[in-house]
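The chain contents come next:
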Amino acid sequence: MAETSRRVSNPSSALGEAVGKLFERGVIDCLQNEVAARGHTIRPSRLTNGTGNTYQIDAVVYDRDDKPIIIIEPKYIRYKKHNRDKASWLCTAHYNLRKTHPTIRKSIAVLGGRWSEPSKALMSSFGVQLFEVSFDSIVDILYGYDVAFDWPESGAGDWPREAWNTFTRLNESDRIRISKELVSDIQDELINAVAYVLDTDISTLPRRISSVEVLMKTEQDEIVLKTFGSVAAAIQDLTGYITDRADIGDLPDSAR
């Protein structure tokens, strides 16, 4: 791999990025056979929402018609200070894409490293199913390959450089094994969650509305999001915003 032949200025960042890539690889590889067995595909993709914003998604499961069904984000972070930014991006991306692509039936985040409870709660509130691999587990796995990965955020000294140098000496077989080990604890549960979606034919199920979200923009440029437990409750609330107009001359004939 490319990093074996170059000296980096920030070995801590370089090693974190490399571990993140192995983590992503492990997630995709563990799902590959199950997805392919059902005639579907999984691959990194760029998806665009209804307003033209494009998001790079690490793993998207597509059906036989190449329509997205599941979006999956393997996310590794070392320091909790990055939690809010990463979690907010994921919530925004998945929420906007699901509004634009109704074929997407599940959002998944596979979290590795140090994730805070508020960040996980935020993602769960947006309907994202979470799977987590702890930082300690990652440290133990890398230690098995003589890569010391647990150093302090400040005052790390030569540890990151030594860990990076050890990592660059690993061969491809070692890296493949690491990628598999990184997701081994959550592999079965993750596969079952994905398989359940792919094995469920929703066309045979009655469609029942579990909740209604209404996003309103007023003439004063206010943006109001409301959530209701039923269609009837949403309609009842919306009628409160209807006002009589004294002058209807500017309305088209069809609206009078």
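For the structure, check the block above.
Described below are features of the structure shown in this document. All values reported here derive from a predicted model rather than from experimental measurement.

For the protein chain, the helix and strand inventory stands at 8 helices and 7 strands. In the protein chain, the share of contacts with a sequence separation of at least 24, taken over all contacts with a separation of at least 6, comes to 56%. On the protein chain, roughly 15,000 Å² of surface is accessible, and the fraction owed to carbon and sulfur atoms is 48%.

Let us now look at the pattern of salt bridges. Inspection of the entire model under this criterion finds 12 salt bridges. Here Glu-172 ties to Arg-25 by a salt bridge, and the two come within 2.7 Å at their closest N and O atoms. In this pair, Glu-172 sits in helix α6 (residues 172-182) while Arg-25 sits in helix α1 (residues 11-37), placing the two residues 147 residues apart along the sequence. In this structure Arg-25 comes out as partly exposed when scored by relative accessible area, which is 27%. Between Asp-199 and Arg-38 there is a salt bridge, with the nearest N and O atoms lying 2.6 Å from each other. Taken together, the residues Asp-199 in helix α7 (residues 187-199) and Arg-38 in the loop between α1 and β1 (41-48) connect sequence positions 161 residues apart. When salt bridges that share partners are traced, they join Arg-25, Asp-29 and Glu-172 into one network.

Turning to α6, a few remarks are in order. For α6, the complete set of buried residues consists of Asp-174, Arg-175, Ile-178, Ser-179 and Leu-182. The buried side chains of α6 occupy one side of the element, clustering within an arc of 135° when seen end-on. Of the surrounding elements, those touching the buried residues of α6 are α1, β5 (128-134), α4 (135-143) and α5 (159-168).

Quick look at the pairing of β1 now. Looking at chain direction, β1 and strand β2 (residues 54-62) are connected through 7 bridges and run antiparallel. Within β2, the residue paired with Arg-46 across the bridge is Gln-56. Counting the residues that bridge the hairpin from β1 to β2 gives 5 residues, and of these Gly-52 lies at a positive phi of roughly 90°.

The next subject is the sheet that holds β1. Pairing is mixed in the open sheet, where 5 strands are placed in the order β1-β2-β3-β4-β5. The outermost strands of the open sheet, each flanked by one partner alone, are β1 and β5. Shown here is a sheet whose adjacent strand axes are inclined to one another by a mean of 30°, direction ignored. Of the pairings in the sheet, the one linking strand β4 (residues 106-113) to β5 comprises 7 bridges and is parallel in character. Paired with Gly-113 across the bridge in β5 is Ser-134. Across the face of the sheet, α1 comes into contact with β1, β2, β3 (68-77), β4 and β5 while running at roughly 150° to β3. Contacts between α4 and the sheet are confined to β3, β4 and β5, with β5 contributing the most and set at about 45° to the helix.

This part takes up α4. Buried within α4 we find Phe-135, Ile-138, Val-139, Ile-141 and Leu-142. Seen from one end, α4 has its buried residues packed into an arc of 165°, which puts them on one side. Opposite its buried face, α4 presents the exposed residues Asp-136, Asp-140 and Tyr-143, each directed more than 90 degrees away. The inward-facing, buried residues of α4 abut α1, β3, β4, β5 and α6.

What follows deals with the environment of Ser-107. Along the chain, Ser-107 turns up in strand β4. Ser-107 sits 10 residues away from Leu-97 along the chain, and the two C-alpha atoms are 10.0 Å apart. When near neighbours in sequence (up to four residues on either side) are disregarded, Ser-107 contacts Ile-71, His-94, Arg-98, Gly-127, Val-128 and Gln-129. Of note is the side chain of Ser-107, whose polar atom sits 3.5 Å from the side chain of His-94.

In this section: the environment of Ala-109. Residue position: Ala-109 is located in strand β4. In the structure, Ala-109 is positioned 34 residues away from Lys-75 in sequence and 7.1 Å away in space, judged by C-alpha atoms. Setting aside residues no more than four positions away along its own chain, Ala-109 makes contact with Glu-73, Leu-90, Met-123, Val-128, Gln-129, Leu-130 and Phe-131.

Cut-off values and rules
- Residues numbered from 1 in each chain as written.
- Predicted model: local features only at pLDDT ≥ 70, side-chain atom pairs only at ≥ 80, totals over all residues.
- Heavy atoms only, no water.
- Helix = DSSP H or I, 4+ residues; strand = E, 2+ residues; numbered from the N terminus.
- Contact = heavy atoms within 4.5 Å.
- Areas by Shrake-Rupley, 256 points an atom, 1.4 Å probe, with all protein chains shown as cover.
- Salt bridge = Lys/Arg side-chain N within 4 Å of Asp/Glu carboxyl O.
- Buried < 20%, exposed > 50% of the residue type's maximum accessible area, 1.4 Å probe, protein only.
- Arc of directions from axis to C-beta.
- Pairing = 2+ DSSP bridges.
- Axes fitted to C-alpha atoms, helices over the stretch in contact; angles between N-to-C directions.
- Polar contact = N/O pair within 3.5 Å; in protein donor to acceptor, adjacent residues only side chain to side chain.

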